[in-house]
Amino acid sequence: MTDEGQERGGPGKRAAAEQEKWKAKGVALRAFFYIAGTHVFAAFVMLLFYLGQHAQK
């Protein structure tokens, strides 16, 4: 005995589609933070090299 609404794309499929959209948003957000964090770290390292090059020796 199955629910006919779920067979034709009823509430069960809609909930699964919403969950997949939520997961995709989470992956995109996580990728953004990883990329942004990597750029911030690279900028910090470049700043250290710049300051080291211009230090009074």
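(A) Structural view of the overall build of the protein. Regarding its fold elements, the protein presents two helices and zero strands. The proportion of buried residues among the 57 residues of the protein is 2%. For the protein, the accessible surface area stands at approximately 5700 Å², while carbon and sulfur atoms represent 66% of it.

(B) Seen up close, the packing of aromatic side chains. Scanning the entire structure with this criterion turns up one aromatic pair. Measuring from ring centre to ring centre gives 5.6 Å for F32 and F33, while their planes differ by 65°; the resulting arrangement is edge-to-face. The pair F32 / F33 is uniform in exposure class, with both members exposed.

(C) Local environment of a nonpolar patch on the surface. On the surface, F41, F44, L47, L48, Y50 and L51 cluster together to form a nonpolar patch covering roughly 640 Å² of accessible area. You can see L51 is positioned in helix α2 (residues 11-53).

What counts, and where the lines are drawn
- In this numbering scheme, every chain counts its residues from 1 along its sequence in written order.
- Reporting in this predicted model follows two pLDDT cut-offs: at least 70 for local features of residues, and 80 or more for side-chain atom pairs to be given and counted; totals over whole chains, interfaces and linings ignore these cut-offs and use all residues.
- Only hydrogens and water are removed before side-chain values are computed, so all heavy atoms of the structure are retained for them.
- Per the convention used, a helix needs a DSSP run of H or I reaching at least four residues, while a strand needs a run of E reaching at least two, with both numbered from the N terminus.
- Three exposure classes are used, based on accessible area relative to the maximum for each residue type with a 1.4 Å probe and protein chains only: buried under 20%, partly exposed in between, and exposed over 50%.
- Accessible surface is estimated by sampling points in the Shrake-Rupley manner with a 1.4 Å probe; for residues, cover comes only from the protein chains shown.
- What counts as a ring pair is set by centres within 6.5 Å for rings of Phe, Tyr and Trp (its six-membered ring), and what kind of pair is set by the plane angle: stacked under 30 degrees, edge-to-face over 60, tilted for all other angles.
- For patch building, the residue pool is restricted to those with more than 30% relative accessible area and no salt bridge; the joining distance is 9 Å between like charges and 5 Å between nonpolar side chains (Val, Leu, Ile, Met, Phe, Trp, Tyr).
- A pair is scored as a salt bridge if a Lys or Arg side-chain nitrogen falls within 4 Å of a carboxyl oxygen belonging to Asp or Glu.

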